Amino acid sequence: MQFYIMTLFPEMVMGGLKTSIIGRAIKNELLSIEAINIRDYAFNKHNSVDDYPYGGGAGMLMQAEPVYQCYKALEDRIGKRPRVVYLSPQGQTFNQKMAEEFAEEEELVFLCGHYEGIDERVLEEIVTDYVSIGDYVLTGGELPAMIMVDAISRLVPGVLHNDVSAEFESFQDNLLEYPQYSRPETWHDKKVPEVLMSGHHANIEKWRREQSVIRTAKNRPDLLEKAELTDKERILAAQ
Ligand code: ADE
């Protein structure tokens, strides 16, 4: 899978994505991530890419033309019209289901705004998806793009060592993940739950499912409304 990130701050994006699991996947050629500097497409001698908004208001806007030229050069390289995600608090809120859908693409382009945003006209021409990472305002789209790249990358086959670990985790079935424990058996006087040491797989599965329900009821009751629960589980969630 190939990610292209259009940004005024390429070093910010690349620095954060070269380590750990994503870094290994790049080395193994399962992923490639390229940050493209929109400023390279500035069309005036001052290399500026922003200007004042018509109608007034605080701050500067990124101008349409450099963004468009940057996109066009990329489209020519890719050889087709790619999906272009614009990161903005005005977009649809990102979630695991969207990550799964984006992970099906061969290539994905992210467009990161800075300052007060980007001239609407170029967005209308090139953007296919408007995505927000949550109801708060950041200084730019770079961190949201990195978050999306991370969430999508780990769903690409082979990126995680253990492919099943992407299957049984939070948000599957609209439930949060159950608690997990490793050695030692006792730590700070706290014991690992007995059932996990029993080797009885059916009981372990049952316990984990119950813990997921309890946790979701406590921390994310909004998710629980969409989860398919048995009558017993509904009672457990209501306690
Ligand atoms: N840019 C600024 N804030 C953002 C957010 N919450 N999500 C996506 N892009 C953003």
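The structure presented is a predicted model; accordingly, all values stated were derived computationally and were not measured. (Residues numbered from 1 in each chain as written. Predicted model: local features only at pLDDT ≥ 70, side-chain atom pairs only at ≥ 80, totals over all residues.)

## Considering the sheet that holds strand β2 (residues 32–37)
To be explicit about the condition: Strand pairing requires that DSSP identify at least two bridges connecting the strands. Each helix is a run of H or I in the DSSP string that is no shorter than four residues. Each strand is a run of E no shorter than two, and both are numbered from the N terminus. Whenever a helix is involved, its axis is fitted only over the stretch in contact; in every case the axis is a line through C-alpha atoms, and angles between N-to-C directions fall within 0 to 180 degrees. Note on contacts: each residue gets a C-beta atom placed from the backbone, and two residues are in contact if those atoms are within 7 Å.
Taken together, 5 strands build an open sheet; the order of strands is β2-β1-β6-β5-β7 and the sheet is parallel. The open sheet is flanked by β2 and β7 (129–132), the only strands paired with a single partner. Averaged over all adjacent pairs, the angle separating strand axes in this sheet is 30 degrees, with direction ignored. Where strand β5 (residues 83–93) and strand β6 (residues 107–112) come together, 5 bridges link them in parallel fashion. Each bridged residue has a counterpart across the sheet, and for L87 the counterpart in β6 is C112. Sitting on the sheet, helix α3 (residues 64–78) touches β1 (2–7), β2 and β6, and the angle it makes with β1 is about 165 degrees.

## A closer look at the site of the ligand
Formally: Whether a residue is near a molecule or strand depends on its C-beta atom, placed from the backbone, lying within 6 Å of it.
L87, S88, P89, S132, I133, G134, Y136, V137, L138, G141 and P144 make up every residue found near the ligand. Counting residues per element, the shell around the ligand draws most heavily on β5, at 3 residues.

## Some thoughts on the domain arrangement of the protein chain
For clarity, the cut-off: Boundaries between domains were set according to an automatic or database domain assignment.
Here the protein chain is partitioned into domain 1 (2–153) and domain 2 (168–238). The straight-line distance from the C-alpha centre of domain 1 to that of domain 2 is 37 Å.

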